[in-house]
Amino acid sequence: MSVPTTAHTTESLTTWLAERIALYLKRRPAEIDPDVPLAEYGLDSVAALSLCGDIEDDFDVVMEPTAAWDYPTVHALAGHLVEELAAQTAKDGGA
């Protein structure tokens, strides 16, 4: 089930990403600093691919499998996701 894109902000996506990444890394979300590279937490390629799959499932947007490396922090990835969601909304006619 996809989540409506209109309500998403960088802040809400940062929270969502930190919670999801914390789950993969078996940490508390509060331990995930949004400005620390994900690789420093030990996020591996399996977790990165799973994260991209979760993004695709929850937000109905296609993510490149390299997104976690191309946008290496939670803040960077959230910013990219906001842009992708906005582009998708514009492409879909704002609906």
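Presented here is an overview of the structure given in this document. Note that this is a predicted model, so its numbers are computed, not measured.

The rules we used
Residues numbered from 1 in each chain as written. Predicted model: local features only at pLDDT ≥ 70, side-chain atom pairs only at ≥ 80, totals over all residues. Heavy atoms only, no water. Axes fitted to C-alpha atoms, helices over the stretch in contact; angles between N-to-C directions. Helix = DSSP H or I, 4+ residues; strand = E, 2+ residues; numbered from the N terminus. Left-handed = near helix turned anticlockwise from the far one by under 90°. Contact = heavy atoms within 4.5 Å. Nonpolar A, V, L, I, M, F, W, Y, C, P; charged D, E, K, R; others polar. Buried < 20%, exposed > 50% of the residue type's maximum accessible area, 1.4 Å probe, protein only. Phe/Tyr/Trp six-rings, centres within 6.5 Å; stacked < 30°, edge-to-face > 60°. Core = buried A, V, L, I, M, F, W, Y, C linked by side-chain atoms within 4.5 Å. Expected span 1.5 Å × (residues − 1).

**Observations concerning the packing of helix H2 (residues 45–59) against helix H4 (residues 74–91)**
Next, step 1: Their axes nearest at 13 Å, the elements H2 and H4 cross at an angle of 35 degrees. Classified by chirality, the crossing of H4 by H2 is right-handed. Taken together, the residues of H4 that come into contact with H2 (itself represented by Leu51, Ile55 and Phe59) are Leu77, Leu81, Leu85 and Gln88.
Next, step 2: For the contact of H2 with H4, the residue count by class is six nonpolar, one polar and no charged.

**Quick notes on the environment of Glu40**
Next, step 1: Mapped onto the secondary structure, Glu40 falls in the loop between helix H1 (10–25) and H2.
Next, step 2: Taking relative accessible area as the criterion, Glu40 reaches 61% and is therefore assigned exposed.
Next, step 3: In this structure the C-alpha to C-alpha distance between Glu40 and Glu64, which are 24 residues apart in sequence, comes to 21 Å.

**Here's the deal with the packing of aromatic side chains**
Next, step 1: Under the definition given, this model contains one aromatic pair.
Next, step 2: Seen in terms of ring centroids, Trp16 and Phe59 are 4.8 Å apart; in terms of plane orientation they differ by 75 degrees. Their pairing is edge-to-face. Of this pair, Trp16 sits in helix H1 while Phe59 is found in helix H2, placing the two residues 43 residues apart along the sequence.

**Structural notes on the nonpolar core**
Next, step 1: In this structure, Leu17, Ile21, Ile32, Ile55, Phe59, Met63 and Leu81 are the most contacted members of the largest nonpolar core, which totals 26 residues.
Next, step 2: Taken together, the elements giving at least two residues each to this core come down to H1, H2, helix H3 (67–70) and H4.
Next, step 3: Setting aside residues no more than four positions away along its own chain, Met63 makes contact with Cys52, Ile55, Glu56, Leu77, His80 and Leu81.

**Here we look at H1**
Next, step 1: The end-to-end C-alpha separation of H1 is 22 Å, in line with the 22 Å expected for 16 residues at 1.5 Å each.
Next, step 2: Residues of H1 that are buried: Leu13, Thr14, Trp16, Leu17, Ala18, Ile21, Ala22 and Leu25.
Next, step 3: Lys26, located one to two residues past H1, shows a positive phi value of around 55 degrees.

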